[in-house]
Each structure stands twice: as C-alpha cells, then as structure tokens.
Amino acid sequence: MVMTVLAAGSGDINNIINGIAPNWGPFGSVGQQAKVLIEVIMAAAILICLGIAIWGAAKQRIGATALRDSFSAEQGKGLIIAGLTGVFIIGSLSTLFTIVYGMAI
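Colleague: Would you mind going over the side chain of serine 92 in detail, with residue names and values included?
Modeller: Looking at the secondary structure, you find serine 92 in the loop between helix 4 (70–91) and helix 5 (93–104). For serine 92, a relative accessible area of 15% gives the class buried. A distance of 2.9 Å separates the side chain of serine 92 from the backbone oxygen of phenylalanine 88, its partner in a polar contact.

Colleague: Describe the confidence of the model for the protein chain, listing the residues and the values that go with them.
Modeller: Predicted coordinates in areas of low pLDDT are best not read in detail. Across the protein chain, the average pLDDT comes to 75, with 68% of residues at 70 or higher. Confidence, read as mean pLDDT per element, is least for helix 1 (residues 2–8) in the protein chain (49) and greatest for helix 4 (87). Note on residues 1–6: pLDDT is under 50 here. Beyond four places in sequence and across chains, it has 0 contacts.

Colleague: With reference to specific residues and values, describe the pattern of salt bridges.
Modeller: Scanning the entire structure with this criterion turns up 1 salt bridge. Close ionic contact of lysine 77 with glutamate 74 constitutes a salt bridge, the shortest N to O distance being 3.4 Å. Taken as a pair, lysine 77 and glutamate 74 lie in helix 4 at a separation of 3 residues, close to a single helical turn. Exposure remark for lysine 77: the relative accessible area of 37% places this residue in the partly exposed category. According to the relative accessible area criterion, glutamate 74 is partly exposed, its value standing at 48%.

Colleague: Talk me through a nonpolar patch on the surface; I want residue IDs and the actual numbers.
Modeller: On the surface, a nonpolar cluster with roughly 280 Å² of combined accessible area is contributed by Leu47, Leu50 and Leu84. Following the sequence through the fold, leucine 50 ends up in helix 3 (residues 32–66).

Cut-offs applied
Residues numbered from 1 in each chain as written. Predicted model: local features only at pLDDT ≥ 70, side-chain atom pairs only at ≥ 80, totals over all residues. Heavy atoms only, no water. Helix = DSSP H or I, 4+ residues; strand = E, 2+ residues; numbered from the N terminus. Buried < 20%, exposed > 50% of the residue type's maximum accessible area, 1.4 Å probe, protein only. Polar contact = N/O pair within 3.5 Å; in protein donor to acceptor, adjacent residues only side chain to side chain. pLDDT = per-residue confidence, 0-100. Contact = heavy atoms within 4.5 Å. Salt bridge = Lys/Arg side-chain N within 4 Å of Asp/Glu carboxyl O. Patch = residues over 30% accessible without salt bridge, like charges linked within 9 Å, V, L, I, M, F, W, Y side chains within 5 Å. Areas by Shrake-Rupley, 256 points an atom, 1.4 Å probe, with all protein chains shown as cover.

Here it is in structure tokens:
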C-alpha cells in the first residue's frame, strides 16, 4: 500500500488540467477571460486531434484486417500521425511562444 501511494505522488486532478494550460510567461498581461478562452480552445483542439488519431487507428485496424483494404490502412496511419502531431504542437505552443519572445528581446 505504501509503494502505491509513493508512486502516485501527491498530485490531484488540477495538476492534469493545469498541464494543458500554457505557462503564460510574457503573455501574462492578457485578461483572465482571455486566458480561460485560450485554455478552452487549446483543450478542444487537443480533444479533436486525439479524436482524429483514434479515428485513424480504427480506420487502420478495420482496413487492415476486416476489409483487407491497404489504402484504408495507409489513410489510418496518416490520420494517427496527424492527430498525435497536432497534440504535440498544441501542447508545446506556450513553450515555443515563450522561446520566440525571449529571443526577440
């Protein structure tokens, strides 16, 4: 029991939710409503990208096994890559903006 608690850490659901929210850095002067709107848009975009990746996985699985359609399987691979790349890019936007802003100063 003790090892499970140590492995889980002391975090809660807010750590996961705040992981999506950008580290505002130089853009900290925008209003609170604008921050919430940006966070909601980023979360929605991440969900859409994950949905695309899941759709691609299903398309690849169905195309490769049930229908024996290699074109559908290749489309599925492309959708998986596109969806996961979108998640990575959206998740790292705040870091990229902060680096670019820091280089400009």
